[in-house]
Amino acid sequence: MTVKLVDATISSFGSAFEKFKSEAPKNKANLILFLADNDPSTNLSWCPDCVRAEPVILKKLKALPDDVALLRAYVGDRPTWRNPQHPWRVDSRFKLTGVPTLISWENDAVKGRLEDYEAHLEHKIIALVSGN
């Protein structure tokens, strides 16, 4: 299986998301993973849940037999993310409350999601991708 991975920041998300949506019909699953940025002093995410979930998500997706698109969207540093007016907190499509958040995107809408407290659970990742 192939994971078609694209990274985006707040500023590049619009164009990356349009391309993601235009290519969605070609993939078995289309996912958006909202993550915290890396801390420049450690080169690790400032979010411990993101550090735990991201490798599990990537491992499960790479093990799938079908093509999957994954748009990794980085929410910014901690102060940027904590702002209640963060663009993805107030966006009616996403309504983010925590990171990491893994979203299944189908037919130009959110089909399902895993919130920060469950995004690292392998059985939930598989269920989300398979549509169950």
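Residues numbered from 1 in each chain as written. Predicted model: local features only at pLDDT ≥ 70, side-chain atom pairs only at ≥ 80, totals over all residues. Heavy atoms only, no water.

**Q** Sorry if this is basic, but what is going on with the pairing of strand β6 (residues 101-106) here?
**A** Consecutive side chains of a regular strand alternate in pointing toward one face of the sheet and then the other. For β6, a buried count of five out of six residues is recorded, marking the element as mostly surrounded by other parts of the structure. Bridge analysis of strand β2 (residues 29-35) against β6 gives four bridges, and the strand direction is antiparallel. Across the sheet, the residue bridging to Leu33 is Leu102, located in β6. Here β6 runs beside strand β7 (residues 109-114); their pairing, made up of five bridges, is antiparallel. Of the residues in β7, the one forming a bridge with Leu102 is Leu114. Between β6 and β7, which pair antiparallel in sequence order, lie two residues; one of them, Asn107, sits at a positive phi of approximately 50 degrees. (Buried < 20%, exposed > 50% of the residue type's maximum accessible area, 1.4 Å probe, protein only. Helix = DSSP H or I, 4+ residues; strand = E, 2+ residues; numbered from the N terminus. Pairing = 2+ DSSP bridges.)

**Q** Help me understand the environment of Leu114 in this model?
**A** Here Leu114 shows up in strand β7. The exposure class of Leu114 is buried, given its relative accessible area of 6%. Expressed as a C-alpha distance, the spacing of Leu114 and Asp66, which sit 48 residues apart in the sequence, is 20 Å. Every residue in contact with Leu114, bar those within four places of it in the chain, is listed here: Pro100, Thr101, Leu102, Ala119, Lys124, Ile125 and Leu128. (Contact = heavy atoms within 4.5 Å.)

**Q** What exactly am I supposed to notice about the layout of surface pockets here?
**A** Where empty space is left can be seen by rolling a probe of water-molecule size over the atoms. Each pocket or cavity is described by its volume, and for the largest pocket that value is around 230 Å³. As for the largest pocket, its lining consists of 16 residues, and the residues nearest its centre are Lys28, Ala29, Asn30, Trp105 and Glu106. Put simply, the parts of the chain that give the lining of the largest pocket at least two residues each are β2, β6 and α5 (122-130). Considering only residue class, the lining of the largest pocket consists of six nonpolar, six polar and four charged. Estimated volume of the second largest pocket: approximately 150 Å³. Lining the second largest pocket, in full, are Lys4, Leu5, Val6, Ala16, Lys19, Phe20, Glu23, Asn27, Ala69 and Leu71. Those elements that provide at least two residues to the lining of the second largest pocket are β1 (3-8), α1 (13-23) and β5 (68-74). For the lining of the second largest pocket, the leading source of residues is α1, giving four residues. Considered class by class, the residues forming the lining of the second largest pocket number six nonpolar, one polar and three charged. (1 Å grid on protein atoms, 1.4 Å probe; cavity = no way out; pocket = protein on both sides within 12 Å on 5 of 7 lines; lining within 4 Å. Points joined across faces, edges and corners; volume = space filled by probe spheres on them. Nonpolar A, V, L, I, M, F, W, Y, C, P; charged D, E, K, R; others polar.)

**Q** Quick question: what am I supposed to make of the nonpolar core here?
**A** Across soluble globular proteins, nonpolar side chains show a tendency to be buried alongside one another. By size, the foremost hydrophobic cluster in this structure holds 42 residues, and its most contacted members are Ile32, Phe34, Leu61, Val75, Phe94, Val99 and Leu102. Looking at this core, the elements with two or more residues in it are β1, α1, β2, α2 (48-62), β5, β6 and α5. Ignoring any residue separated from it by four or fewer positions in sequence, one finds Phe34 in contact with Ala73, Val75, Trp88, Phe94, Leu96, Val99, Pro100, Thr101 and Ile103. (Core = buried A, V, L, I, M, F, W, Y, C linked by side-chain atoms within 4.5 Å.)

The values reported here are purely geometric and, on their own, carry no functional implication.
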